[in-house]
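Results of the structural survey
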Amino acid sequence: MANIAVVLHGPNDLRVESIPVPEIKDNEVLLAMCSVGICGSDLKYWKYGKCGKFSLEKPMIMGHEGSGKVVKVGSGVKHLKIGDRVAIEPGVSCGVCRLCKTGRYNLCPRIFFCATPPDDGNLCRLYKHSAQFCFRLPDHVTDDEGAMLEPLAVAVYSCRKGKVGLGTKLLICGAGPVGILTLMVAKQNGATTVVITDIDETRLALAKSLGADFTIRVSSEKPEQLATNISEILGDHPDVTIECSGTNFGFSTGIYATLPGGCLVMVGRVPGDAEFPLNLAFTKEIDITGVFRYANWRKNHGYYNNSIERGKEFCNTTVKVK
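Residues numbered from 1 in each chain as written. Predicted model: local features only at pLDDT ≥ 70, side-chain atom pairs only at ≥ 80, totals over all residues. Heavy atoms only, no water.

What about the packing of helix α6 (residues 223–234) against helix α7 (residues 248–257)?
- Packing of α6 against α7 brings their axes to within 8 Å, and their N-to-C directions diverge by 50 degrees. The angle between α6 and α7 falls in the class oblique. Crossing handedness for the pair α6 and α7: right-handed. Contacts from Pro-223, Glu-224, Leu-226, Ala-227 and Ile-230 in α6 reach Phe-249, Ser-252, Thr-253, Tyr-256 and Ala-257 in α7.
- Of the residues belonging to the contact of α6 with α7, the class tally is seven nonpolar, two polar and one charged. (Axes fitted to C-alpha atoms, helices over the stretch in contact; angles between N-to-C directions. Helix = DSSP H or I, 4+ residues; strand = E, 2+ residues; numbered from the N terminus. Parallel < 35°, antiparallel > 145°, perpendicular 65-115°, else oblique. Left-handed = near helix turned anticlockwise from the far one by under 90°. Contact = heavy atoms within 4.5 Å. Nonpolar A, V, L, I, M, F, W, Y, C, P; charged D, E, K, R; others polar.)

Structure representation (structure tokens):
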């Protein structure tokens, strides 16, 4: 079978090209890709040639939200067989450094991560990956839903870092795919009230249909005013804010809105030269924590069991909207 891939050569320079069929090692599997999602980071690489601290320096195969079918198995792989459908965890860490050994493998300095320069992604016909980071899909999970497990992992990890649980009052800034999935994970795990903001009414309508208690369309008001509106709607300050919009406005809103002593989880990436009310955050003793991908999936097992059916609902709803 010939292999083709979607290759980014520079900003706004995306090409479909023939590439060699990869040779697998003993601990790897060869996958016929079934479904690959398009992430916000993919769009940033395509438009700007960079995302956060990572910049495109050579042509790169796109895609990291993927599912595929095993077509070849390395000699050392025992838990997968030809024909298995799998979800791909796109980050392959070294497994031996201090961060890996303490469970923070997403921060491994030697990690391979699909479609993050200089590493190639999996938006191709045939792709090889470490079998340790391929997870067999049950029959009731479709290929598209299997690909969506990757952004679902971000939502699960974000809620866990914010300690979202029974009784939590939560603010989510941004109603894109990760924001919506975060909403669904939070509600599944006991959040009492969830407010979600966005600039787009269509996204907010979808969020409302999937469980948001309140939605707010962001217009031109200042972050302080929006925070006041949020508190009035809630009747209190949110215990936790999860920022998924990647905007200066969202980060500042979270600082103004979050309950003193609460938590602000940064999922989105904001420009590095922006100014934020950090002194206010320190005075309020808000714990600001970052999210970089996800880790510790075994510890998150209960979250996944509770959340995967909601993730299927989002995937199916999104298809219907389109």
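The rest of the description comes next.
Side note on the environment of Asp-119
- Turning to its location among the elements, Asp-119 is positioned in the loop between β10 (112–113) and β11 (126–130).
- For Asp-119, a relative accessible area of 17% translates into the label buried.
- When the C-alpha atoms of Asp-119 and Leu-56 are compared, they prove to be 9.9 Å apart, with 63 residues separating the residues in sequence.
- Beyond its immediate chain neighbours, meaning those up to four positions away, Asp-119 contacts Met-60, Ile-111, Phe-112, Phe-113 and Cys-114.
- Within the local environment of Asp-119, its side chain forms a polar contact with the backbone nitrogen of Phe-113, the two atoms lying 3.1 Å apart. (Buried < 20%, exposed > 50% of the residue type's maximum accessible area, 1.4 Å probe, protein only. Polar contact = N/O pair within 3.5 Å; in protein donor to acceptor, adjacent residues only side chain to side chain.)

Points about unusual backbone geometry
- The residue after Pro-117, namely Pro-118, is reached through a cis peptide bond having omega 10 degrees.
- Note on placement: Pro-118 falls in the loop between β10 and β11.
- Here Lys-163, not a glycine, exhibits a phi torsion of approximately 55 degrees, which is positive.
- Take Lys-163: it is sitting in the loop between α3 (143–161) and β13 (169–173).
- One non-glycine residue, Glu-285, adopts positive backbone phi at about 55 degrees.
- On the secondary structure map, Glu-285 appears in the loop between α8 (278–283) and β18 (287–290).

Details of the pairing of strand β1 (residues 3–10)
- With respect to burial, β1 is a largely interior element, six of its eight residues being buried.
- Of the pairings in the sheet, the one linking β1 to strand β2 (residues 13–19) comprises seven bridges and is antiparallel in character. Note that in β2 the partner of Gly-10 across the bridge is Asp-13.
- Counted along the chain from β1 to the antiparallel partner β2, the turn is two residues long, and its residue Asn-12 has a positive phi close to 60 degrees. (Pairing = 2+ DSSP bridges.)

Some points on the pairing of strand β8 (residues 85–88)
- Residue alternation in β8 divides its side chains into two sets, Arg-85 and Ala-87 and Val-86 and Ile-88, and both sets are buried.
- Relative to β8, strand β7 (residues 65–73) runs antiparallel, the two being bridged by three bridges. Bridging across to β8, Ser-67 finds its partner in Ala-87.
- Examined bridge by bridge, β8 and strand β12 (residues 134–136) share three bridges and lie antiparallel to one another. Within the sheet, the bridge partner assigned to Val-86 lies in β12 and is Arg-136.

A look at empty space enclosed by the protein
- Summed over the entire model, instances satisfying the criterion amount to two cavities of 30 Å³ or more.
- Size it by volume and the second largest cavity reaches roughly 40 Å³.
- Along the walls of the second largest cavity sit Glu-89, Gly-91, Tyr-105, Asn-106, Ile-111, Phe-113, Arg-293 and Tyr-294, which together make up its complete lining.
- Among the residues making up the lining of the second largest cavity, the classes are represented as four nonpolar, two polar and two charged. (1 Å grid on protein atoms, 1.4 Å probe; cavity = no way out; pocket = protein on both sides within 12 Å on 5 of 7 lines; lining within 4 Å. Points joined across faces, edges and corners; volume = space filled by probe spheres on them.)

Shape descriptors only; they carry no functional weight alone.
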